[in-house]
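# Chains, contacts and geometry: an overview
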Amino acid sequence: MARERSPQLPDVPTFTELGVKDYEPEVWVGIVAPGPLPKDIQERLYQASLGALKRTEVRKQLEELGGRVVGNTPEQFVNSVRADIERWKAVAKFANISLD
């Protein structure tokens, strides 16, 4: 379902390649904390996570699990989360799904 073919399944086409447009849900993993978090602490967490993602054994393990290692900036991550909220809010509204 990702934008690009999975390295683990290179012969499996993406949804876009199959003709399904505008459908690219992806599972993401990130570090979140209560906000507002001071910028210096955000930066320390960001640098620590980038350091971990640069480690060959960490990348290899994540990729073996089917992950695609990105390492977005805090701003990019916030934008991705906000975009997902809007996308799934629209789906819930269209399907008349509500919380009980």
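Preceding this paragraph is the structure being described.
Computed from a prediction, not measured in an experiment: that's the story for all the values here. Numbers given for residues are sequential positions, taken from 1 along each chain in its written order. Selection of residues for local features in this predicted model requires a pLDDT of at least 70, selection of side-chain atom pairs for listing and counting requires 80 or more, and totals for whole chains, interfaces and linings are taken over all residues. Neither water nor hydrogens contribute to the side-chain values; these are computed over all heavy atoms in the structure.

## Looking at the overall build of the chain
Within the chain, the secondary structure is distributed over three helices and zero strands. Secondary structure elements are defined from DSSP: runs of H or I of at least 4 residues count as helices, runs of E of at least 2 residues count as strands, and each element is numbered from the N terminus. Counting helices and strands in the order they occur from the N terminus, the chain gives α-α-α. Between the two quantities, the radius of gyration covers C-alpha atoms and the globule rule is 2.2 Å times the number of residues to the power 0.38. For 100 residues, the compact-globule estimate of 2.2 N^0.38 gives 13 Å, and the C-alpha radius of gyration of the chain, at 17 Å, exceeds that figure by more than 25%. When the backbone C-alpha atoms are referred to their principal axes, the chain occupies close to 40 × 40 × 20 Å. Looking at the chain as a whole, 7% of its 100 residues qualify as buried. Contacts are residue-level and defined by heavy atoms, with any inter-residue pair within 4.5 Å sufficient. Partitioning the intrachain contacts of the chain with sequence separation of at least 6 by distance along the chain shows that 45% fall at a separation of at least 24. Accessible area is worked out with a 1.4 Å probe on protein chains only. A residue is then buried under 20% of its type maximum, exposed over 50%, and partly exposed in between.

## What about the packing of aromatic side chains?
For Phe, Tyr and Trp, where Trp contributes only its six-membered ring, two rings pair if their centres lie within 6.5 Å, and the inter-plane angle classes them as stacked under 30 degrees, edge-to-face over 60, or tilted in between. If you walk through the whole model with that rule in mind, you get one aromatic pair. Here the aromatic rings of W28 and F77 are separated by 5.2 Å at their centres, their planes lie at 85°, and the arrangement is edge-to-face. Of this pair, W28 sits in the segment before α1 (39-54) while F77 is found in helix α3 (residues 74-94), placing the two residues 49 residues apart along the sequence.

## Re the side chain of D84
Within the secondary structure, D84 is located in helix α3. D84 gets classed as buried once you look at its relative accessible area, which sits at 16%. The residues contacting D84, other than those within four sequence positions of it, are E26 and W28.

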